[in-house]
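Each chain, letter by letter, is given below.
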Amino acid sequence: MWGGRVLGLRIDAKALNHNSIPPPPYSPTTPKTNMITKATRVRATERQIERLERRIDTLERVGNRYSWARLIVFLVGAAAVFGAYFVWGLWPFLAALVTTIACFSGAVWLHRQVEQSVRRHAVWRDFKRGEIARATHDWANLPPSAEGEPRYDHPFEADLDLVGEYSLHRLLNTAVSKPGSARLRELLTGEHPAMDATAQRQACVRELAPRILLRTQLDVAARASVGRDTTWDPAGLLAWLAKAPETGPSRWGLLLLVILALMNLAALLVDFLGLLPRFWVATLPVYAGTYYVLARNNPAVFIEASHLQDALRQLGEVCSGLESVGYAGTPCLADLGRSVRDPARRP
């Protein structure tokens, strides 16, 4: 059995079932028994959605158990820590504290893994629901049009229903990013398409069409990192990369903060153990003053860092999938993926 893993979610050929098999090209000599009809594909996808929903229900029950486990670990650990401190002394207290923190951290980590798996399975289920909606032209269950109303001054965009509420763009658009949706609109409504570029895209589509697993992996990875009901807009990341670097805290200033923080921790520890006087009373104000001086001119540093981390995480989930996939026998896809695989061409 062949398969792959997307953010901890295993997607294999058995799970994809018959709806993952592209129909063979039609010809008058093709036996009807070998043709996969749309109704068959829809039924197979519906059965897969039912399996995914059962899996989600099971994971949610496991998540509820971990919630109770976290509460029990916290209450029992708190009682053990306080009891050890007041009854047995310092070292049993430290042992109980470390054990409680380790057990609680482990329960939290496992609980988060289950919650992430629930989200990924929900994204996969929504992905399959979208396939059924597109196959049956169920406009009510398709995502809303990402490009709004058609341009009525365009020669044929509105006349051919290329963009809008009931349009070809809405039927075809599975892009997770806003530029991707805009790019599809541009390709559908181009008045003077370049034939060479069109032929190259068609070659890539022919190579990508039978790779159901790869397409599912990339879609689930992207939507799980961005959010089920949101669209990724890289404008903020591009604007941050394009603007001139601002003057921030120097490397030596950051190093000084780290040294002072370690000194404070050491002073608190030796004071707690009763080995030395309270040196932290003197070091803590020094740390606070140094932090204020270095940070007062950079109030948005941490906010920008948080936004940048989110944007890079969303981009990295997809790029990691492109880096790990094999491109044997698909030269066009290999050329597209070279920008994330070739160190000389990486952005």
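Residues numbered from 1 in each chain as written. Predicted model: local features only at pLDDT ≥ 70, side-chain atom pairs only at ≥ 80, totals over all residues. Heavy atoms only, no water.

Quick notes on unusual backbone geometry
Then comes step 1: A positive phi is found at H137, a non-glycine position, where the angle reads about 55°.
Then comes step 2: Topologically, H137 is positioned in the loop between helix 3 (90–136) and helix 4 (168–172).
Then comes step 3: In the Ramachandran plot, D161 falls in the positive-phi region, its phi being about 55° despite a non-glycine side chain.
Then comes step 4: Within the secondary structure, D161 is located in the loop between helix 3 and helix 4.
Then comes step 5: Under the relative-accessibility criterion, D161 is labelled partly exposed at 46%. (Helix = DSSP H or I, 4+ residues; strand = E, 2+ residues; numbered from the N terminus. Buried < 20%, exposed > 50% of the residue type's maximum accessible area, 1.4 Å probe, protein only.)

A short note on a nonpolar patch on the surface
Then comes step 1: Residues W68, L71, I72, F74, L75 and V76 make up a contiguous nonpolar surface patch of roughly 650 Å² in combined accessible area.
Then comes step 2: The residue I72 is located in helix 2 (residues 38–88) in this model. (Patch = residues over 30% accessible without salt bridge, like charges linked within 9 Å, V, L, I, M, F, W, Y side chains within 5 Å. Areas by Shrake-Rupley, 256 points an atom, 1.4 Å probe, with all protein chains shown as cover. Salt bridge = Lys/Arg side-chain N within 4 Å of Asp/Glu carboxyl O.)

Describing the pattern of salt bridges
Then comes step 1: On inspection of all chains with the given rule, the structure shows 10 salt bridges.
Then comes step 2: Put simply, R129 and E53 hold a salt bridge, and the shortest N to O gap is 2.6 Å. Of the two residues, R129 is situated in helix 3 and E53 in helix 2; the sequence distance between them amounts to 76 residues.
Then comes step 3: Of the charged contacts in the structure, one is a salt bridge between K128 and E131, with a shortest N-O distance of 3.3 Å. Of this pair, K128 and E131 are both found in helix 3, 3 residues apart, which corresponds to roughly one turn of the helix.
Then comes step 4: Taken together, the shared-partner salt bridges connect E53, R125, D126 and R129 into one network.

Points about the environment of E207
Then comes step 1: Relative to the assigned elements, E207 resides in helix 6 (residues 195–208).
Then comes step 2: Along the backbone, E207 and T330 are 123 residues apart, and their C-alpha atoms lie at a distance of 5.9 Å.
Then comes step 3: Among residues more than four places away in sequence, those in contact with E207 are T330, P331, C332 and L333. (Contact = heavy atoms within 4.5 Å.)

Describing the state of the cysteines
Then comes step 1: Applying the stated rule across the entire model yields 1 disulfide.
Then comes step 2: Paired through a disulfide, C204 and C332 show a sulfur-sulfur distance of 1.8 Å. Disulfide C204-C332: torsion about the S-S bond near -50°, hence left-handed. Here C204, found in helix 6, pairs with C332, found in helix 12 (residues 331–341); they are 128 residues apart in sequence, far enough to count as distant. Summarising the burial analysis for this pair, C204 and C332 share the class buried. (Disulfide = S-S within 2.5 Å.)

Re the packing of helix 2 against helix 3
Then comes step 1: Across the interface, helix 2 lies against helix 3 with an axial gap of 8 Å and an inter-helix angle of 165°. Classified by the angle between their axes, helix 2 and helix 3 sit roughly antiparallel to one another. By crossing handedness, the relation of helix 2 to helix 3 is classed as left-handed.
Then comes step 2: Of the residues that constitute the contact of helix 2 with helix 3, the class distribution is 31 nonpolar, 10 polar and 10 charged. (Axes fitted to C-alpha atoms, helices over the stretch in contact; angles between N-to-C directions. Parallel < 35°, antiparallel > 145°, perpendicular 65-115°, else oblique. Left-handed = near helix turned anticlockwise from the far one by under 90°. Nonpolar A, V, L, I, M, F, W, Y, C, P; charged D, E, K, R; others polar.)

Side note on the packing of helix 3 against helix 7 (residues 212–226)
Then comes step 1: Contact geometry of helix 3 with helix 7 gives a least axis separation of 9 Å together with a crossing angle of 125°. Between helix 3 and helix 7, the angle is such that the two are oblique. The handedness of the crossing between helix 3 and helix 7 comes out as right-handed. On the side of helix 3, the interface is formed by R120, V123, W124 and F127, while helix 7 contributes T216, D219, V220, R223 and A224.
Then comes step 2: Considered class by class, the residues forming the contact of helix 3 with helix 7 number 5 nonpolar, 1 polar and 3 charged.

Side note on the confidence of the model for the protein chain
Then comes step 1: Across the protein chain, the average pLDDT comes to 79, with 81% of residues at or above 70.
Then comes step 2: pLDDT under 50 marks residues 1–35. Its contacts with residues more than four places away, or in other chains, come to 68 contacts. (pLDDT = per-residue confidence, 0-100.)

Structural notes on the packing of aromatic side chains
The relative placement of two aromatic rings is captured by the distance of their centres and the angle of their planes.
Then comes step 1: Applying the stated criterion across every chain, the model contains 4 aromatic pairs.
Then comes step 2: With 5.5 Å between their ring centres and 85° between their planes, W139 and Y166 make a pair best called edge-to-face. Residue W139 is located in the loop between helix 3 and helix 4, and its partner Y166 is located in the loop between helix 3 and helix 4; the two are separated by 27 residues in the primary sequence. (Phe/Tyr/Trp six-rings, centres within 6.5 Å; stacked < 30°, edge-to-face > 60°.)

What about the side chain of S177?
Then comes step 1: If you trace the backbone, S177 turns up in the loop between helix 4 and helix 5 (178–189).
Then comes step 2: One polar contact links the side chain of S177 to the main-chain amide nitrogen of G180, over a distance of 3.1 Å.
Then comes step 3: Ignoring any residue separated from it by four or fewer positions in sequence, one finds S177 in contact with T231 and W232. (Polar contact = N/O pair within 3.5 Å; in protein donor to acceptor, adjacent residues only side chain to side chain.)

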